[in-house]
Amino acid sequence: MSLTSTDQPLLDARRITKTFGSLVACDAIDLVIQPGEIHALLGENGAGKSTFVKMLFGSLQPVSGEIFWKGRPVSISSPAVARSLGIGMVFQHFSLFDSLTAAENIALSLDKSIPLSDIASRARDIGEAYGLPLDPDALVGDLSVGERQRIEIIRCLLQEPDLIILDEPTSVLTPQEADRLFVTLERLRAEGKSILYISHRLEEVKRLCDRATVLRHGKVVAHCDPRKETAASLARMMVGTDIRIVHRNPPKGGDGEARPLLEIAGLSQPPRGPFSTALRDMQLVLHAGEIVGIAGVAGNGQGEFFEAVSGEVLQIAPDIVRIGGIAAGRAGISRRRELGAAFVPEERLGHGAVPELPLTDNLFLSRYATDSGTFLRGGALKVLAQNALQSAVKRIAKTMDVRKSGENPDASALSGGNLQKFIIGRELDRKPAVLVVNQPTWGVDAGASAHIRQALIDLARSGSAVLIISQDLDELLEICDRIAVMNHGTLSEALPIGEVTLEKIGLMMGGADAGHEIAGGM
Amino acid sequence: MEMTQAILLTVATAATPLLIAAIGELVVERSGVLNLGVEGMMIMGAVTAFAVAQLTGSAWLGMFAAILAGAAFSALFGFLTLTLVTNQVASGLALTILGLGASAMIGESFVGLPGVRLEPIHIPYLTELPLVGRFLFGQDPIFYLSILLVAGVAWFLFRTRAGLTLRAIGDNHGSAHALGVHVIRTRYLAVLFGGACAGLAGAQLSLVYVPQWVENMTAGRGWIALALVVFASWRPWRVLIGAYLFGAVTIGQLHTQALGFGLPSQFLSSLPYLATILVLVLISRNRRLTMMNTPTSLGKPFVPDR
């Protein structure tokens, strides 16, 4: 780190520290970005990546540390300051406005001197130049996640930044969309722009990035050249230890013999809100002992499908959903649970668990119908059996390796990965015949993910049927026996894992049928 | 024929205070703030307008004082909900109760005194035109102001960058903050505008509608204005339709009661509410459009993470 080098770095952040209460999110982080490089910022969830880049973009303020921009010390006190310096950012959770049009969304982040009427045409021009087609008059709420990301990127490019920060850009894209994004990024690098690329996908980083900085628990653990590392060595830097490998033994017996445990026949449903997806004639059968995955880009009906299967939304006829052979289409959540099904929704806080209630209460809330004998006493008085709840929480924490502070903390006090382990453990503890999980390892670190995936496989092999809805293709390919694809509210046939390739699934996610040509867009 | 024009004039007079208060609240809600204190701000405007006009003899001064009073009263709400991040619903209700009480106290010495009327304008020839002359060219200044306000707000919200920013804050204040928009400052301005409008609406009541001070003279109009905003799905021109419809049915049912058709008066009194809700529900039956116009962060407190 010589101060008098001839090729001055574009950005030089020194000993950046940020604390939230007693938590040190970023601990003396150093990062140097040269002009014209793609620099990877690697780390597990919770390693401090997002906090760090928010400080570079001015949405958060560091408690200590210095930032030099083109050799000059700067204080980035707000996103507006960051933009005027030439730093642009594409957020992980898009900061778009659903009820405004694409052009209006772009206008909001641009210089006030550009007249509103010019923005649509400028956005279209820049989109064409970088291979990012866009309809400026479309309402953002109607667009797919990939299209929204395009708006974010165009919005960023229109500001002509020298440094573009991309926060987990491919986590929401199909493999083909990701490829297209890489082409755009390489074009930007060729133009001399720098990119800070945040990811935990190691193959991507190896393929795209010139240098990498690895964070763990808020500290820099390595600066390296990702092309000279292996995926395993990068993973070791991120996690600190070797990651446990998930063991998938093949399912017992042939498909023909296994009993169907969850049957979905002709599930159709109109959209329920302005930006929700209609479900169209979905068919799926899950047999005992197997794991079936549903792939697809977010917003293609996964949430609606989960609500329909779990009984949050009832079907028009009872025999559309059968659990253990019994028609349950008109049955509510509790009744479906009593039939042997269990459900883990996508959103942990607020849907899967009540943040401000302790774990025992959260356990009781999902199991009062099925385990009233265990968790309620006093006959008609129905008093909570706190001891039974406590010991159940202890049991779940032990089998799922839930790390918690204290005996019975509030759900919100657990980290994302630990809460997810608890929520899945809570359902597994019942040994459900059917388990439906939406995004089992979303935002969960690698160690916890491996634990959850293994637990799901073990449940299936013990004779249950497991249905996993996920946007993480690697995860589905790792643990599923069959994979179906959801696209615009339709569900493809579930293909055996042996017939599935990443490319084939990617095409189906983009709207093409397996084995057919790509059908045109919408 | 003169009768028609007379009815039109009374309808406009009944509709104007609702329209002004509602258009102000529309801007507030579009920015994501729910101010239930419209009634309180309106009555403060009414008593201030009356008192200042009485003391100075100038209705114009009364009107400006009412605008200031409404804005000042809303600044209190803004300080509570935006700076101290108190609950918006509770603070708005408190504002209404405070306004009703404070106005009764201020107005006590003015009860029964003759008011100062804000005179209608008169343009030679135009005002004397048959049929529409007085409706178009012979009303009080606040009527013209109310129409200008609707057009101005519609233009501001959908044609200017500042309006776009305001709508964006109402849609998603977190994202707006991330973009570097001043969420709190914009909301303060919106709340102050809403307060000024409510104050002006109150002034119309005590300077034009019935130029005198009666305790609790707003009689629930602030609440109707609030409902109009929702039923008009946060669109300015629909607020105009709603306000005039409400005014028209109110006047209509009064005439019907006078004629006496044997219909229960309670039923007739409820007609304006029923008719307004029915029509606005019908015009906003496109659920998608309505939900798109609904400010998503309405009523949610905003605390920037720093």
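Residues numbered from 1 in each chain as written. Chains lettered and ligands numbered in written order. Predicted model: local features only at pLDDT ≥ 70, side-chain atom pairs only at ≥ 80, totals over all residues.

You'll find chain B entered in an unreviewed UniProt entry as ABC transporter permease, with Paramesorhizobium deserti given as the organism.

Under an unreviewed UniProt entry, the name given to chain A is ABC transporter, and the source organism is Paramesorhizobium deserti. Taken from UniProt, the Sequence similarities (unreviewed entry) comment for chain A reads in full: "Belongs to the ABC transporter superfamily." (UniProt positions renumbered as here; feature names shortened; annotations may be inferred.)

Counting its regular elements, chain A contains 17 helices and 23 strands. Taking 522 residues into account, the globule formula puts the C-alpha radius of gyration at 24 Å, and chain A, at 24 Å, falls close to it. With the C-alpha coordinates of chain A rotated into their principal frame, the extents come out at 75 × 55 × 45 Å. With 522 residues in all, chain A has 48% of them scored as buried. (Helix = DSSP H or I, 4+ residues; strand = E, 2+ residues; numbered from the N terminus. Rg over C-alpha atoms; globule rule 2.2 N^0.38 Å. Buried ≥ 20, exposed ≤ 12 C-beta atoms within 10 Å, placed from the backbone.)

Now for the domain arrangement of chain A. Residue and element names in this part refer to chain A. For chain A, the assigned domains read domain 1 (11-239) and domain 2 (260-509). Each of domain 1 and domain 2 has a C-alpha centre, and these two points are 33 Å apart. The interface is formed by 15 residues belonging to domain 1 together with 16 residues belonging to domain 2. Taken together, the elements giving at least two residues each to the side of domain 1 that touches domain 2 come down to helix 5 (145-157), helix 6 (175-190) and helix 8 (231-239). Split by residue class, the side of domain 1 that touches domain 2 holds five nonpolar, seven polar and three charged. (Domains from an automatic or database assignment. Contact = placed C-beta atoms within 7 Å. Nonpolar A, V, L, I, M, F, W, Y, C, P; charged D, E, K, R; others polar.)

All names here are of chain A. The sheet built from four strands is open, its strands ordered 12-11-14-15 with antiparallel pairing. Each edge of the open sheet is held by one strand with a lone partner, namely strand 12 (279-287) and strand 15 (326-327). In terms of strand pairing, strand 11 (residues 260-269) meets strand 12 through seven bridges, oriented antiparallel. The partner of Ile-264 across the bridge, within strand 12, is Leu-284. (Pairing = 2+ DSSP bridges.)

Turning our attention to the interface of chain B and chain A. Opposite the 15 residues of chain B that make contact, chain A presents 21 residues. When residues of the side of chain B that touches chain A are traced back to their parent elements, those giving at least two are helix 7 (161-171), helix 8 (173-178) and helix 13 (287-293) of chain B. The element best represented in the side of chain B that touches chain A is helix 7 of chain B, accounting for six residues. Residues belonging to the side of chain B that touches chain A are distributed by class as follows: six nonpolar, four polar and five charged.

Turning to the packing of helix 6 (residues 141-159) of chain B against helix 11 (residues 236-259) of chain B, a few remarks are in order. Residue and element names in this part refer to chain B. At a minimum axis distance of 8 Å, the contact between helix 6 and helix 11 shows a crossing angle of 155°. Taken as axis vectors, helix 6 and helix 11 run roughly antiparallel relative to one another. For the pair helix 6 and helix 11, the contacting residues are Val-150, Val-153, Ala-154 and Leu-157 in the first and Pro-236, Trp-237, Val-239 and Leu-240 in the second. In terms of residue class, the contact of helix 6 with helix 11 is built from eight nonpolar, no polar and no charged. (Axes fitted to C-alpha atoms, helices over the stretch in contact; angles between N-to-C directions. Parallel < 35°, antiparallel > 145°, perpendicular 65-115°, else oblique.)

To continue, consider helix 1 (residues 2-30) of chain B. Residue and element names in this part refer to chain B. Counted at 1.5 Å a residue, the expected span for helix 1 with its 29 residues is 42 Å, and the 40 Å between its end C-alpha atoms agrees. Along helix 1, the sharpest change in direction is near 30° and occurs at Ala-15; proline Pro-17 comes one to four residues later. Among the 29 residues that make up helix 1, 21 are buried, leaving the element largely enclosed by the rest of the structure. The first or second residue beyond helix 1 is Gly-32, which carries a positive phi of 95°. (Expected span 1.5 Å × (residues − 1). Bend = angle between axes of the 7 residues up to and from the residue.)

Residues and elements named next belong to chain A. Of the strand pairs in this sheet, strand 9 (residues 211-216) and strand 10 (residues 219-224) are connected by five bridges, and their pairing is antiparallel. Within strand 10, the position partnered with Ala-212 by the bridge is Cys-224. Taking the residues that link successive antiparallel strands as the turn, the strand 9-strand 10 hairpin has two residues, and the phi of His-217 there is positive, at about 50°.

Now for the environment of Leu268(B). All names here are of chain B. Among the structural elements, Leu-268 can be located in helix 12 (residues 265-283). Since 18 C-beta atoms lie within 10 Å of it, Leu-268 is described here as partly exposed. Once the C-alpha coordinates of Leu-268 and Gln-253 are considered, the two residues, 15 residues apart in sequence, prove to be 5.7 Å apart. For Leu-268, the residues in contact, after removing those within four places along its chain, are Gln-253, Thr-256, Gln-257 and Leu-263.

Moving on, we come to the environment of Glu304(A). All names here are of chain A. Its location among the elements puts Glu-304 in helix 9 (residues 302-310). Separated by 33 residues in sequence, Glu-304 and Pro-271 have C-alpha atoms that sit 8.5 Å apart. When sequence neighbours within four positions are dropped, the list of residues in contact with Glu-304 reads Gln-269, Ser-276, Thr-277 and Leu-279.

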